[in-house]
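Summary of the model geometry
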Amino acid sequence: MKQLPILIFISVIFTFSCAPKPTLEVPEPYKKGQQYFHEVCSNCHGPDAMGKHTQAPRLIDEEYLADNFSDADINEIVLNGTDKMPPQKKNVTPEEITEIIKYLRYSQKAAGLEQEEEEEEQTS
Ligand code: HEC
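The structure reproduced in this document is the subject of the present report. Starting from 1, residues in each chain are numbered consecutively following that chain's sequence as written. Restriction of local features to residues with pLDDT of at least 70 applies here, the model being predicted, together with a cutoff of 80 or more for giving and counting side-chain atom pairs; totals for whole chains, interfaces and linings are based on all residues.

**Concerning the nonpolar core**
Here is the rule: Nonpolar core, as used here: buried Ala, Val, Leu, Ile, Met, Phe, Trp, Tyr and Cys residues forming one set through C-beta atoms within 7 Å. Burial in this document is a count-based property: other C-beta atoms within 10 Å of a residue's C-beta are tallied, and the residue is buried at 20 or more, exposed at 12 or fewer, or partly exposed in between, with C-beta positions derived from the backbone. Comment: elements are numbered from the N terminus, with helices defined as DSSP H or I runs of at least four residues and strands as E runs of at least two. In this description, a residue-residue contact is defined by the distance between C-beta atoms placed from the backbone, which must lie within 7 Å.
In terms of nonpolar packing, the biggest core is built from 13 residues, with Phe37, Ala49, Ile100, Tyr103 and Leu104 touching the most fellow members. Put simply, the parts of the chain that give this core at least two residues each are helix H2 (28–40) and helix H5 (94–110). Counting residues per element, this core draws most heavily on H5, at five residues. Setting aside chain neighbours within four positions, we find Tyr103 in contact with Val26, Tyr30, Gly33, Gln34 and Phe37.

**Focus on the site of the ligand**
Quick note on the threshold: We call a residue near a molecule or strand when its C-beta atom, built from the backbone, sits within 6 Å of it. Under the grouping applied here, Gly and all other residues not named as nonpolar or charged are polar, the nonpolar ones being Ala, Val, Leu, Ile, Met, Phe, Trp, Tyr, Cys and Pro and the charged ones Asp, Glu, Lys and Arg.
Taken together, 20 residues form the shell around the ligand, and within it Cys41, Cys44, Ala56, Thr82 and Met85 come nearest. Going through the elements one at a time, helix H3 (42–45) and helix H4 (71–80) are the ones with two or more residues in the shell around the ligand. Here the shell around the ligand is composed, by residue class, of 13 nonpolar, five polar and two charged.

**Some points on H2**
Of all the residues in H2, the buried ones are Tyr30, Gly33, Gln34, Tyr36, Phe37 and His38. Against the buried residues of H2 lie H3 and H5.

**Some remarks on the packing of H2 against H5**
This is how the line gets drawn: To obtain each axis, a line is fitted to C-alpha atoms, and for helices this fit is confined to the stretch in contact; angles are then taken between N-to-C directions over 0 to 180 degrees. By definition in this entry, angles of less than 35 degrees are roughly parallel, angles greater than 145 are roughly antiparallel, angles of 65 to 115 are roughly perpendicular, and the rest are oblique.
At a closest axis distance of 7 Å, the pairing of H2 and H5 adopts a crossing angle of 105 degrees. With respect to H5, the element H2 is oriented roughly perpendicular. In this structure, H2 contributes Tyr30, Lys32, Gly33, Gln34, Tyr36 and Phe37 to the contact, and H5 contributes Glu96, Glu99, Ile100, Lys102, Tyr103 and Tyr106. Among the residues making up the contact of H2 with H5, the classes are represented as six nonpolar, two polar and four charged.

**Some words on H5**
Short version of the rule: For a helix, the expected span equals 1.5 Å multiplied by the residue count minus one.
Over its 17 residues, H5 runs 24 Å from end to end, which matches the ideal 24 Å to within 8%, given 1.5 Å per residue. Check the buried side of H5 and you find it contacts H2 and H4. Two residues or fewer after H5 comes Gly112, characterised by a positive phi angle close to 85 degrees.

Below is the structure:
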């Protein structure tokens, strides 16, 4: 087994070069955003934006649905941070933020979180 050291080397590289990995498959249009999220945000916000990793909140939560926390709000937080979250301006381009937001919105839906549409439910 001459290749064994190489195999070990490769698996070590894989283990340490990736921040928390996404565990969920997303459809093609959201893959880019998922990738950016995992490069830039998941160290703090956890794999799949589910938190738990640090003090950063999970973003797949009712609190962050579009009606409560708009795309513009997310954009603003990413660019300028808060007193607890460092600004990410230098780590993402505006296009990447747009992709990340698309990915987050998809993930919120996929998790079954949706703004209640009361009118629809009342019709019978
Ligand atoms: C260095 C760690 C870190 C990174 C990297 C990071 N965040 Fe955060 N984020 C935090 C912390 C901590 C909070 C909680 C901030 C607070 O309560 O003021 C937070 C809060 C947020 C909030 C909610 C703010 C609120 O007012 O409730 C959003 C949305 C958010 N982050 C999005 C992102 C996105 C998108 C990225 C990637 C582009 C990202 N964050 C990268 C640490 C991080």
